[in-house]
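Descriptive structure summary
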Amino acid sequence: MTDKSILISGACGLVGFPLSQLLTSRGERVIGLDPANPPTPVESMTHVKQGFGDFNMLLGLLKEHNVGKIVHAGGISGPMLSKDNPHHINHVNLVSTIDLAEAARQNGIERFVYCSSGSAYGVTPESLVTEDTPFRPTSVYGATKAASDLVLMAYRDEYDLDVIGLRYSSVYGPRRATDCAIRTMIEDAMAKRPTKLDWGAGEFWPFVYVTDIVTATAAALDAPKTPQYAYNVAGPDMPAVQRIAELVYESFPNADIELGSNPRHDKRGRFDLSAAARDLTWTPEWDIERGVSAYIDWFLKQGRA
C-alpha cells in the first residue's frame, strides 16, 4: 500500500462502480472521475463530478491527488449508444483516451489499465479469439476501441507507459443500463411481458458476468510488468442463448421468450483466456448458471422490472 491514489474514469458505471467498491474495501484511495452520481455513496472515494474534454484539468487532477495508477473505464459504453452522433463517439472514446494517456505519461503513472472491448475485434473467425486476432470492427464504437488500443500500444512501446488493455466480451449483471439480451429476458419476465429477440436461436455468445470483469481489472492493476499489452476477458463458458432463456424459465415459469433466427452481423467466437491466466493470474469464476441466478436475485431484491 502506498500513499498514491487510483484514478477510475467512469467510476459510477457498470464496471467502475463495483471496482471502486472493491478497491476502497481493501484500503485503496480512489479518485472517481465521472459526471454521473454513484448509485450509492462509496466510502473513501473522492468523486470528481466532471467528464472529459479538458486536458489541463486531467493533468492537474493527477498531480493534485497524487495518482499512481489509472483505470480508464469511462466513455461511450457500447455500439448501441449515440449511433446518430459518430463524432461524439469518436471524441469521447478516442480523444479522451489520448488525453488521459498523455496526462499519464507526463505524470509518470505507474500502471494504466484500459477497459477495451471485444467490439474492437468485430467479426471474428470461428477459431479461438486470441489477442493477436485482427481487428475487424463493425461499428464506429468498435473502431474507437480498436484505435484506442493501437494508440496505447504505441505509448507502451515508444514511451514505456506501463499500460494494459483488457478486451472485455459482452458484460451483463447489476446496473447494466444499455441493451442486453439477458437483462431484457429477466426484466420482461418480471413484468409479465413477452420477449421477442430477432437473434439467438442456435447462437452461442461470450457473455461475462460483471464480477469477473471487476476481478480481472483489479488483477491487471496489481500484476507485475506484463510481457504484452492486451488481454482477453470473458466468462468461463460460451453459453447458448437458448440456455439463458431456459435459466430465466426456471425462475419465471410463465416467461414468454422467443428467439429469432437472424444472424448477428458481429458474430464472435470464444475468447482465449490463457494469457490472462498466465500473466495476470486471473481466471473467470462465474459461469452462466451462477451469473444469471445472481442477476435475477439482484433484480428481485431491487423489486424492479
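As a reminder, the structure under discussion sits directly above these lines.
Below is a summary of the structure that appears in this document. Model, not experiment: these values are computed from the prediction. (Residues numbered from 1 in each chain as written. Predicted model: local features only at pLDDT ≥ 70, side-chain atom pairs only at ≥ 80, totals over all residues. Heavy atoms only, no water.)

Here the focus is the overall build of the chain. Broken down by element type, the chain carries nine helices and 11 strands. Computed over C-alpha atoms, the radius of gyration of the chain comes to 19 Å, within 12% of the 19 Å expected from 2.2 N^0.38 for 305 residues, which places it in the range of a compact globule. If one aligns the C-alpha atoms of the chain with their principal axes, the spans along those axes are about 55 × 40 × 40 Å. When burial is assessed residue by residue, the chain has 54% of its 305 residues classed as buried. Within the chain, counting contacts between residues at least 6 apart in sequence, those at least 24 apart form 76% of the total. When the accessible surface of the chain is totalled, it reaches about 13300 Å², and 50% of it is carbon and sulfur. Side chains of the chain give 29 positive and 37 negative charges; the mean places of these two sets differ by 2 Å. (Helix = DSSP H or I, 4+ residues; strand = E, 2+ residues; numbered from the N terminus. Rg over C-alpha atoms; globule rule 2.2 N^0.38 Å. Buried < 20%, exposed > 50% of the residue type's maximum accessible area, 1.4 Å probe, protein only. Contact = heavy atoms within 4.5 Å. Areas by Shrake-Rupley, 256 points an atom, 1.4 Å probe, with all protein chains shown as cover. Lys, Arg positive; Asp, Glu negative; His and termini not counted. Charge placed at Lys NZ, Arg CZ, Asp CG, Glu CD.)

This part takes up helix H9 (residues 288–302). Over its 15 residues, H9 extends 21 Å from the first C-alpha to the last, a length consistent with the 21 Å expected when each residue adds 1.5 Å. Those residues of H9 that sit buried are Ile-288, Gly-291, Val-292, Ala-294, Tyr-295, Ile-296, Trp-298 and Phe-299. Against the buried residues of H9 lie strand S7 (170–172), helix H5 (181–190), strand S9 (207–209) and helix H7 (241–251). Gly-303 sits one or two positions beyond H9 and adopts a positive phi of about 65 degrees. (Expected span 1.5 Å × (residues − 1).)

With that settled, the discussion passes to unusual backbone geometry. Even without glycine at this site, Ser-44 takes up a positive phi of about 75 degrees. Position of Ser-44 relative to the elements: it lies in the loop between strand S2 (30–33) and strand S3 (45–48). Classification of Ser-44 by relative accessible area gives partly exposed; the value is 47%.

Listed as buried for helix H2 (residues 55–64) are Met-57, Leu-58, Leu-59, Leu-61 and Leu-62. In the stretch just after H2, Asn-66 is the one whose phi turns positive, near 50 degrees.

On to the nonpolar core, then. Grouped together as the largest cluster of nonpolar side chains are 33 residues, with contacts concentrated most on Ile-8, Leu-166, Tyr-168 and Leu-280. The set of elements that each furnish at least two residues to this core consists of strand S1 (5–9), helix H1 (16–25), strand S5 (111–117), strand S6 (163–168), helix H6 (210–222), strand S10 (230–233) and helix H8 (274–279). In contact with Ile-8, other than residues within four places in its own chain, are Gly-16, Leu-19, Ser-20, Leu-23, Val-30, Ile-31, Gly-32, Leu-33 and Val-71. Ala-181, Ile-182, Ala-245 and Ala-255 belong to the second largest nonpolar core, which has 30 residues in total. (Core = buried A, V, L, I, M, F, W, Y, C linked by side-chain atoms within 4.5 Å.)

Taken as a whole and assessed by the stated rule, the structure comprises 17 salt bridges. Taking the shortest distance from any N to any O, the salt bridge between Asp-162 and Arg-111 comes out at 3.1 Å. Of this pair, Asp-162 sits in the loop between helix H4 (140–159) and S6 while Arg-111 sits in strand S5, and the two are 51 residues apart along the sequence. When its relative accessible area of 12% is taken as the criterion, Asp-162 is described as buried. We classify Arg-111 as buried; its relative accessible area is 4%. Of the charged contacts, one joins Asp-188 and Arg-193 as a salt bridge, the two residues approaching to 2.9 Å between their closest N and O atoms. (Salt bridge = Lys/Arg side-chain N within 4 Å of Asp/Glu carboxyl O.)

Any functional reading would require information beyond the geometric quantities listed.
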